[in-house]
Amino acid sequence: ITALEKATGDVVLKFEPFVLHVLCQELQDAQLLHSVAIDSGFRNSGITVGRGGKIMMAVRSTHCLEVPLSHKGKLMVSEEYIEFLIHVANQKMEENI
């Protein structure tokens, strides 16, 4: 709260979830891992094939949180709401673990 009161620009509370990048030898390996990730609840997972043929599988969850708190130095939310957001972000961190 003290830092927010001193802010002169825009402040955003942002939580980004766990991401695991796995380099796979074969596309079939990446597809299997992708299926397991999706079935385990990591719905934002995906496969990328680079120009050189490098196959990368990214395991990502949907536990994102991005909330503006101030704009041009003006606090846009209450302290109670900030405490609630911190609680939500901490819960998301526990889900990551």
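First things first, this report covers the structure right here in the doc. Being a predicted model, the structure only gives us computed values, none of them experimental.

A word on the nonpolar core
Across soluble globular proteins, nonpolar side chains have a tendency to be buried as a group. In this structure, L4, F15, L65, V67, L69, V77, I82, L85, V88 and A89 together form the largest nonpolar core, which totals ten residues. Broken down by secondary-structure element, the contributors of at least two residues to this core are strand 5 (65-71) and helix 3 (79-96). Looking at which element gives the most residues to this core, the answer is helix 3, with four residues. Among residues more than four places away in sequence, those in contact with V67 are V11, V12, L13, Y81 and L85. Counting residues in hydrophobic clusters, the runner-up holds six residues, among them A30, A37, M57 and V59.

A short note on a nonpolar patch on the surface
A surface patch of nonpolar side chains, about 230 Å² in accessible area, is lined by L27, I47 and V49. On the secondary structure map, V49 appears in strand 3 (residues 46-49).

A look at unusual backbone geometry
Located in the positive-phi region is K72, a residue other than glycine, with phi close to 55°. We classify K72 as exposed; its relative accessible area is 66%.

Calculation rules
Residues numbered from 1 in each chain as written. Predicted model: local features only at pLDDT ≥ 70, side-chain atom pairs only at ≥ 80, totals over all residues. Heavy atoms only, no water. Core = buried A, V, L, I, M, F, W, Y, C linked by side-chain atoms within 4.5 Å. Buried < 20%, exposed > 50% of the residue type's maximum accessible area, 1.4 Å probe, protein only. Helix = DSSP H or I, 4+ residues; strand = E, 2+ residues; numbered from the N terminus. Contact = heavy atoms within 4.5 Å. Patch = residues over 30% accessible without salt bridge, like charges linked within 9 Å, V, L, I, M, F, W, Y side chains within 5 Å. Areas by Shrake-Rupley, 256 points an atom, 1.4 Å probe, with all protein chains shown as cover. Salt bridge = Lys/Arg side-chain N within 4 Å of Asp/Glu carboxyl O.

In short, shape yes, function no, at least from these values alone.
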